[in-house]
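# Structural features, examined
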Amino acid sequence: MALLTMAARLRPAFDRDRAPGAAHEPAVLAAGGTGPRLVCFPALSALSGPQEYARLAAGLRGLRPVSAVRHPGFDPREALPAALDALVTAQAAAVRAVAAEGPRCCWGGRPVAGAAERLESEDAAPVAVVLVDTHPPVHGDQDRGLTAMAGYFELFRDWEPAPLTCPTLYVRARDPLPGAGPAPGWSLPHAEVTVPGDHFTMLEEHARTTALAVHRWLGDRGRGRSGRGTVLTRPERSG
């Protein structure tokens, strides 16, 4: 991983001023429904992308719209964020891109928490943030590693989340991965729900159960609120 990190530092990079231009337009995965749009952030592993939310989106079709946002730099032709501030600026701009389509929620892990912090500071807070079985980055798997993944892991190496004013849900997998312990808890105030499956299968064969658990929680929180939606982010584990 050290070699990959060094290679990542040699790639073109964008700063905060160029971050909005580096942001990806959210991909629509499901339409219909009346709930706030769910904006999903993929994991930071080399093989991650919007496709990891396909089954979850299918479980929410007709209940609430679902979009997913790619992280910039995983395409070899793209620049990587030069600093965490540049990444947060880009991803906050991506979430803002769906503002005209109604309220939104955010789903994911460290990237989504950072984007939510920025959105709150800009008076554009999401309705809620959903964190999914969030493990710290795994640095030992070089076979699946690419320079983008290594660069992102370096960005978040010393990052610590800040308290959010919007509600936060931590979705924990019921089953640990073989040879691994459960995901650590989230240190800041949050609600928590446990769903069937492990770190991966909770968004695969158990995706509909996970989707409905989150949908119910968001529905309870959303009654009477006028916020801008929810962002969903995926764990950073690369194994």
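Attention here is on the structure that accompanies the text.

## Topic: the packing of helix H1 (residues 2-9) against helix H6 (residues 147-155)
At a minimum axis distance of 8 Å, the contact between H1 and H6 shows a crossing angle of 90 degrees. As the angle between them shows, H1 and H6 are arranged roughly perpendicular. Across the interface between the two elements, Leu4, Thr5, Ala7, Ala8 and Arg9 from H1 touch Thr147, Ala150, Gly151 and Glu154 from H6. Across the contact of H1 with H6, the residue classes tally to four nonpolar, three polar and two charged.

## Things to note about the packing of aromatic side chains
Under the definition given, this model contains one aromatic pair. A centroid spacing of 5.4 Å and a plane angle of 15 degrees characterise the contact between Phe74 and Tyr152, whose relative ring orientation is stacked. In this pair, Phe74 is assigned in the loop between strand S4 (66-68) and strand S5 (80-81) and Tyr152 in helix H6, connecting sequence segments 78 residues apart. Like Phe74, the residue Tyr152 is buried in the burial classification.

## Looking at the packing of helix H4 (residues 84-96) against helix H5 (residues 110-121)
Taken N-terminus to C-terminus, the directions of H4 and H5 make an angle of 75 degrees; their axes are 8 Å apart at the nearest point. Compared by their axis directions, H4 and H5 come out roughly perpendicular. Here Asp85, Val88, Thr89, Gln91, Ala92, Val95 and Arg96 of H4 lie close against H5, whose contacting residues are Gly114, Ala115, Arg118 and Leu119. Looking at the contact of H4 with H5 residue by residue, the class counts come to five nonpolar, three polar and three charged.

## A closer look at H4
If you check H4, its first and last C-alpha atoms are 18 Å apart, about what 13 residues at 1.5 Å a residue would give, namely 18 Å. Among the 13 residues of H4, ten are classified as buried, and the element is accordingly described as predominantly covered. Among the residues of H4, those classed as buried are Leu84, Ala86, Leu87, Val88, Thr89, Ala90, Gln91, Ala92, Ala94 and Val95.

## Let's talk about unusual backbone geometry
Within the chain, Asp123 stands out as a residue other than glycine whose phi angle is a positive 55 degrees. Assignment of secondary structure puts Asp123 in the loop between H5 and strand S7 (128-132).

## Section: the pattern of salt bridges
Two side chains of opposite charge can pair, provided their charged atoms sit close to one another. By the definition in use, this model includes eight salt bridges. The shortest N-O distance in the salt bridge between Arg77 and Asp75 comes to 2.7 Å. Given a relative accessible area of 77%, Arg77 falls into the exposed group. When its relative accessible area of 19% is taken as the criterion, Asp75 is described as buried.

## Observations concerning the environment of Arg64
Relative to the helices and strands, Arg64 resides in the loop between helix H3 (54-60) and S4. Take Arg64: its relative accessible area is 2%, and that puts it in the buried class. Spatially, the C-alpha atoms of Arg64 and His215 are 8.2 Å apart, while their sequence positions differ by 151 residues. Among the polar contacts made by the side chain of Arg64, one reaches the main-chain carbonyl oxygen of Pro36 at a distance of 2.8 Å.

## Focus: the nonpolar core
Core analysis: the biggest nonpolar cluster contains 35 residues, and Leu84, Val129, Tyr152, Phe156 and Trp186 have the highest contact counts within it. For this core, the secondary structure elements donating two or more residues are strand S3 (37-41), H4, H5, S7 and H6. Ranked by residue count, the leading element in this core is H4, at six residues. Among the nonpolar cores identified, the runner-up in size contains 26 residues, and Ala30, Leu56, Ala57 and Val195 belong to it.

## Brief notes about the pairing of strand S8 (residues 168-173)
Taken across its six residues, S8 has six buried, putting it largely inside the fold. Burial along S8 is two-sided: the residues Thr168, Tyr170 and Arg172 and Leu169, Val171 and Ala173 are all buried. Note: S7 against S8, four bridges, orientation parallel. Residue Leu131 lies in a different strand from S8, and its bridge partner there is Tyr170. Pairing geometry for S8 and strand S9 (residues 191-195), over five bridges, is parallel. Among the inter-strand pairings, Tyr170 is bridged to a residue of S9, identified as Glu192.

The rules behind the values
Residues numbered from 1 in each chain as written. Predicted model: local features only at pLDDT ≥ 70, side-chain atom pairs only at ≥ 80, totals over all residues. Heavy atoms only, no water. Axes fitted to C-alpha atoms, helices over the stretch in contact; angles between N-to-C directions. Helix = DSSP H or I, 4+ residues; strand = E, 2+ residues; numbered from the N terminus. Parallel < 35°, antiparallel > 145°, perpendicular 65-115°, else oblique. Contact = heavy atoms within 4.5 Å. Nonpolar A, V, L, I, M, F, W, Y, C, P; charged D, E, K, R; others polar. Phe/Tyr/Trp six-rings, centres within 6.5 Å; stacked < 30°, edge-to-face > 60°. Buried < 20%, exposed > 50% of the residue type's maximum accessible area, 1.4 Å probe, protein only. Expected span 1.5 Å × (residues − 1). Salt bridge = Lys/Arg side-chain N within 4 Å of Asp/Glu carboxyl O. Polar contact = N/O pair within 3.5 Å; in protein donor to acceptor, adjacent residues only side chain to side chain. Core = buried A, V, L, I, M, F, W, Y, C linked by side-chain atoms within 4.5 Å. Pairing = 2+ DSSP bridges.

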